[in-house]
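Below are the chains, spelled out letter by letter.
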Amino acid sequence: MRKRVFSGARPTGRQHLGNYLGAIQNYVKLQDEYDGIYCIVDIHALTSLEDTSKLQENIYELALDWLAAGIDPKKSIIFVQSHVPEVMELHTLLSMVTPLSWLLRVPTFKEKVKIQPQNVNYGLLGYPVLMTADIVLYKAEVVPVGEDQLPHLELAREISRRFNNLFGDTFPEPQARLTAFPLIIGLDGKDKMSKQLDNDIAIALSPEETIERVMTAVTDPARRYRADPGHPEICNVHWLHKNFIQEEEEIHADQCRSATIGCVEHKMLLAQDINRTLKSFRQRRAALATKPEYVTDVLADGARQAQAIARETLGEVKQRMGLI
Ligand code: AMP
Ligand code: TRP
């Protein structure tokens, strides 16, 4: 049997360049070597969403993004988290072996408390336990994620280790797998690219929208006039561009240093480059969008396959814990 790779993303909106470069490229690559299981984690999204009216639309958009990016339903299972409710049962069982102190020190919990002080809900604290349940329900060994998820993966390993120590060897210890770009900075030039911070570039934008969005990027704050020499090493537009077309960007960086190229021109080059890189993805996405019933079928079929595995693991867990 092939080893399993599992990952998830929250349906909080369309996928952005951070998701694409930090995670999706690995989902696609790894499905050739492992059995892929990719999950649209709608329950996790509820920890941040107060307005859930767009949830179904977001799930559909995320599925389109993934399929167009190359996750292949013939090689991988794609499904929606809440369609396999066994995960919530496992979450409750794992919560009994997770010390509260482990959860209180998770850095992402502390960050969320700062970002959404009006909505510090119980689910937010249990977020990494639910994420552990996601992974171990499928006994996945490899988990492609961006750098921001490393503390969660560390906890997932600790929880599985503790479960194994208490009840006997049941779960493999899941290992994170990063891409070459594990942390993409957003258009503000300082924070992680994120939908919630509104500093993202969605991959499904039109070419015109991409240009408009990239034009809002913060560059070198010391460069106030076109004639000022720039400092590309601290500029996120330069950084993003470098990771699309390596060699030519060094020429643009030199032009920035000598003020022969302005920030607007530099941003235009970046936007054009993003548009070129994502052209075929966008064409595939537009074609898929004409077949919504195909997407629904893929998700229904994915849930069926995932549930068969989930039931088996949950039965084993309950037996080990003395529940049956
Ligand atoms: P999310 O959209 O937060 O559910 O994230 C889905 C996946 O994308 C996770 O593996 C994240 O670690 C990854 N990811 C999200 N934002 C970024 C970013 N700015 N840079 C790199 N990876 C990211
Ligand atoms: N917490 C992840 C994020 O915000 C999403 C996620 C949920 C996940 N369950 C997972 C990622 C399991 C990897 C494995 O991006």
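Anything mentioned here points back to the structure above.
Residues numbered from 1 in each chain as written. Chains lettered and ligands numbered in written order. Predicted model: local features only at pLDDT ≥ 70, side-chain atom pairs only at ≥ 80, totals over all residues. Heavy atoms only, no water.

Q: Help me out: how do you make sense of the pairing of strand β1 (residues 4-9) in this one?
A: For a regular strand, the rule is simple: side chains alternate between the two faces of the sheet. For β1, the buried fraction is high: 5 of the 6 residues fall into the buried class. Relative to strand β2 (residues 35-40), β1 is paired through 6 bridges, and the arrangement is parallel. Bridge pairing in β2 places Gly8 opposite Cys39. At this point the chain moves from β1, through helix α1 (residues 17-30), to the parallel β2, and the crossover so formed is right-handed. (Buried < 20%, exposed > 50% of the residue type's maximum accessible area, 1.4 Å probe, protein only. Helix = DSSP H or I, 4+ residues; strand = E, 2+ residues; numbered from the N terminus. Pairing = 2+ DSSP bridges. Right-handed = clockwise from strand over helix to strand, strands pointing away.)

Q: Got a minute to help me understand helix α6 (residues 107-115) in this structure?
A: Since the α-helix packs 3.6 residues into each turn, any two residues three or four apart lie on the same face. Among the residues of α6, those classed as buried are Thr108, Phe109 and Lys112. Along the long axis of α6, the arc covered by the buried residues comes to 105 degrees, so they all point the same way. Looking at the buried side of α6, the elements it contacts are α5 (100-104), α7 (122-137) and α8 (150-167). (Arc of directions from axis to C-beta. Contact = heavy atoms within 4.5 Å.)

Q: Sorry, what's going on with the site of ligand 1 here?
A: Around ligand 1, the structure places 16 residues, and the nearest of them are Arg10, Gly146, Asp148, Ile184 and Met193. Within the side chain of Asp148, one N or O atom sits 2.5 Å away from an oxygen atom of ligand 1. For ligand 1, a nitrogen atom lies 2.8 Å from a polar atom in the backbone of Ile184. Residues of the shell around ligand 1, tallied by class, amount to 7 nonpolar, 6 polar and 3 charged. (Near = heavy atom within 4 Å. Polar contact = N/O pair within 3.5 Å; in protein donor to acceptor, adjacent residues only side chain to side chain. Nonpolar A, V, L, I, M, F, W, Y, C, P; charged D, E, K, R; others polar.)

Q: What is the right way to look at the packing of helix α4 (residues 86-95) against helix α13 (residues 292-320) in this model?
A: Any two packed helices are characterised by the angle at which their axes cross and by the distance between the axes. Between α4 and α13, the least distance of the axes is 10 Å, while the angle of their chain directions is 25 degrees. As far as their axial angle goes, α13 and α4 are roughly parallel. Here the hand of the crossing between α4 and α13 comes out left-handed. Counted together, Glu86, Glu89, Leu90 and Leu93 of α4 and Gln307, Ala310, Arg311, Leu314, Val317 and Lys318 of α13 form the full contact between these two elements. A class-by-class count of the residues in the contact of α4 with α13 yields 5 nonpolar, 1 polar and 4 charged. (Axes fitted to C-alpha atoms, helices over the stretch in contact; angles between N-to-C directions. Parallel < 35°, antiparallel > 145°, perpendicular 65-115°, else oblique. Left-handed = near helix turned anticlockwise from the far one by under 90°.)

Q: Can you walk me through the site of ligand 2 in this structure?
A: Around ligand 2 sit 13 residues in total, of which Arg10, Tyr127, Met131, Asp134 and Gln149 are the nearest. Contact between ligand 2 and Asp134: a nitrogen atom at 2.7 Å from a side-chain N or O atom of the residue. Here ligand 2, which alone exposes 360 Å², has 92% of that area covered by the protein. Put simply, the parts of the chain that give the shell around ligand 2 at least two residues each are β1 and α7. Here the element with the most residues in the shell around ligand 2 is α7; it accounts for 4 residues. Class assignment for the residues of the shell around ligand 2 results in 7 nonpolar, 4 polar and 2 charged. (Areas by Shrake-Rupley, 256 points an atom, 1.4 Å probe, with all protein chains shown as cover.)

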